[in-house]
Amino acid sequence: MLEIKVVNKGHQPLPQYATAQSAGMDLRANLDEPVVLKPMERRLIPTGLHISLPVGYEAQVRPRSGLALKKGITVLNTPGTIDADYRGEIGVVLINLSQETFVVEDGERIAQMVIARNEQGAFIPVEVLDETERGEGGYGHTGVK
C-alpha cells in the first residue's frame, strides 16, 4: 500500500477506505459551524487535511454518489486535482444543484479522494498527425449503438 504523509490540522478522523476494494476514501467537512448552501450556491469546504504525495501521484477529489443522487450536492471542479507538490489544506468546492437549501454539518462526508498515478507529457511540434479511423470526428461522431 502506498504511504501518504498527512498532517491533520482539523478534528476529524483521517480518511480511510470503507471496504477492502474501495477506490476512494471519504473526506469530511472540518467546520466550526454548519455551512448553508442555497440552491446553485457554491462554497469551499475545509477538511483540515494537508498531504504529501509521492512524485508521480495525484489525489483526485470526486463527488459522493449518495449526496449527488439524494441531495443534488456535487463537487464543482470534479475531479479536483491535488498535485504531489501541494502542501496547503485540502478544500472541497461543493455546489448545491437542488431546489432546496442544504446544510453541511461538521464531520459530514462531503467527497471522496482517489489516489492515482500520473505522468507528465512533453509536446513535440509536428506538421501532420497520423491518420486514424475516427479522424477529426468530434462529439457524438461515433453515433448511438
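Residues numbered from 1 in each chain as written. Predicted model: local features only at pLDDT ≥ 70, side-chain atom pairs only at ≥ 80, totals over all residues. Heavy atoms only, no water.

Peer 1: How should I be thinking about the side chain of His50 in this particular structure?
Peer 2: By secondary structure assignment, the location of His50 is in strand 5 (residues 49-52). A relative accessible area of 15% places His50 in the buried class. Reaching out from His50, the side chain makes a polar contact with the backbone nitrogen of Glu89 at a distance of 3.3 Å. Look past the residues within four positions of His50 in its chain and what remains in contact with it is Lys5, Val6, Val7, Lys9, Arg87, Gly88 and Glu89. (Helix = DSSP H or I, 4+ residues; strand = E, 2+ residues; numbered from the N terminus. Buried < 20%, exposed > 50% of the residue type's maximum accessible area, 1.4 Å probe, protein only. Polar contact = N/O pair within 3.5 Å; in protein donor to acceptor, adjacent residues only side chain to side chain. Contact = heavy atoms within 4.5 Å.)

Peer 1: Please clarify how the nonpolar core should be interpreted in this entry.
Peer 2: Nonpolar side chains tend to gather and get buried jointly when the protein is soluble and globular. Within the largest apolar cluster, 27 residues are counted, with the highest numbers of intra-cluster contacts made by Ile45, Val92, Leu94, Val104, Ile110 and Met113. Of all the elements in the fold, those that place two or more residues in this core are strand 2 (25-28), strand 3 (35-37), strand 5, strand 6 (57-62), strand 7 (73-75), strand 9 (91-96), strand 10 (102-104) and strand 11 (109-117). It is strand 11 that contributes the most residues to this core, 4 residues altogether. If near-sequence neighbours (up to four positions away) are discounted, Met113 is found in contact with Ala23, Gly24, Met25, Leu27, Ile51, Ala59, Gln60, Ile82 and Ile90. (Core = buried A, V, L, I, M, F, W, Y, C linked by side-chain atoms within 4.5 Å.)

Peer 1: Is there a simple way to explain the sheet that holds strand 7 in this structure?
Peer 2: Backbone hydrogen bonds hold the strands of a sheet together, and the pairing may be parallel or antiparallel. With antiparallel pairing, the 3 strands of this open sheet are ordered in space as 4-9-7. Where the open sheet ends on each side, the last strands, each with one partner, are strand 4 (42-46) and strand 7. Strand-to-strand twist across the sheet, computed as the mean angle between neighbouring axes with direction ignored, equals 35°. Relative to strand 9, strand 7 runs antiparallel, the two sharing 3 bridges. (Pairing = 2+ DSSP bridges. Axes fitted to C-alpha atoms, helices over the stretch in contact; angles between N-to-C directions.)

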